[in-house]
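Structural characterization, general
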Amino acid sequence: MAMTEVRKATEQKMLKSIEALKTDLSKVRTGRAHTGLLDHVQVEYYGAMVPISQVANIGLADARTITVQPWEKKLLTVVEKAIRESDLGLNPSTQGDILRVPMPALTEERRRELTKVIKHEGESARVAVRNLRRDANQQLKDLLKKKDISEDGERRAQDEIQKLTDKFVADIDRLVAEKEKEIMTV
């Protein structure tokens with residue numbers, strides 16, 4: 001494996017860490033409604049567990065209300081129960097064949113708790129990126145031992161890996177700061 005392959009593989013893995021962080025942050029509920037909030041809520045549909053988005057239309061009635069319209073009438077109660085029992089703390093109500101899911105306003109205390117959660121997610125992502133840097137540097141050392149690269153080549157490659165690490169850590173810090181700002185805005 002050459003230096004460029006080590007760099008490319010490391011960059012790909014670091015990108016995956018960033019994507020995972022974005023996904024985790026999108027699950028943190030702000031005061032505003034967004035359809036992605038229900039992505040991980042699953043319902044039983046003909047014996048299989050499926051995401052709500054596969055059995056219903058999900059939309060926004062306004063900035064604080066999600067609407068869910070199941071494709072089959074009999075799913076209304078199943079979807080309502082799944083949302084109510086999810087870890088989101090939401091309380092849907094039925095209006096005809098549509099579920100309305102109002103977003104409760106966040107208290108100051110809850111906002112502070114959520115910023116702690118966000119900081120923790122960010123730190124986990126930073127640790128993951130640093131671990132990838134360590135692995136890449138180890139691969140470079142192994143290449144040097146096998147005499148596949150020169151000492152100068154290894155040093156250059158380590159500098160590149162460090163630059164990648166710095167770039168991704170800066171991205172993580174930016175994402176965390178944006179999400180904190182979003183949560184603290186009333």
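Quick caveat, the model's predicted, so the values are computed rather than measured. (Residues numbered from 1 in each chain as written. Predicted model: local features only at pLDDT ≥ 70, side-chain atom pairs only at ≥ 80, totals over all residues. Heavy atoms only, no water.)

1. What to know about helix α1 (residues 3-27)
- Relative to the 36 Å expected for 25 residues at 1.5 Å per residue, α1 spans 37 Å between its end C-alpha atoms, a close match to the ideal helical length.
- Where α1 is buried, its residues contact α3 (108-145) and α4 (151-184). (Helix = DSSP H or I, 4+ residues; strand = E, 2+ residues; numbered from the N terminus. Expected span 1.5 Å × (residues − 1). Contact = heavy atoms within 4.5 Å.)

2. Comments concerning the pattern of salt bridges
- Applying the stated criterion to the full structure yields 17 salt bridges.
- A salt bridge links Asp173 to Arg126; the nearest nitrogen and oxygen atoms lie 2.5 Å apart. With Asp173 in helix α4 and Arg126 in helix α3, this pair connects stretches of sequence that are 47 residues apart.
- Among the residues examined, Asp173 registers a relative accessible area of 37% and is labelled partly exposed.
- Note that Lys167 is salt-bridged to Asp171, the shortest N-O span being 3.8 Å. Here Lys167 pairs with Asp171, and both are found in helix α4, just four residues apart, close to one helical turn.
- Connected through shared salt-bridge partners, Glu123, Arg126, Arg130 and Asp173 make up one network. (Salt bridge = Lys/Arg side-chain N within 4 Å of Asp/Glu carboxyl O. Buried < 20%, exposed > 50% of the residue type's maximum accessible area, 1.4 Å probe, protein only.)

3. A closer look at the packing of α1 against α3
- Between α1 and α3, whose axes approach to 10 Å, the crossing angle comes to 170°. The orientation of α1 with respect to α3, classified from their angle, is roughly antiparallel. From α1, Met3, Val6, Thr10, Lys13, Met14, Ser17, Leu21, Asp24 and Leu25 reach across to α3, where they touch Ile118, Glu121, Gly122, Ala125, Ala128, Val129, Leu132, Arg133, Ala136, Gln139, Leu140 and Leu143.
- For the contact of α1 with α3, the residue count by class is 13 nonpolar, four polar and four charged. (Axes fitted to C-alpha atoms, helices over the stretch in contact; angles between N-to-C directions. Parallel < 35°, antiparallel > 145°, perpendicular 65-115°, else oblique. Nonpolar A, V, L, I, M, F, W, Y, C, P; charged D, E, K, R; others polar.)

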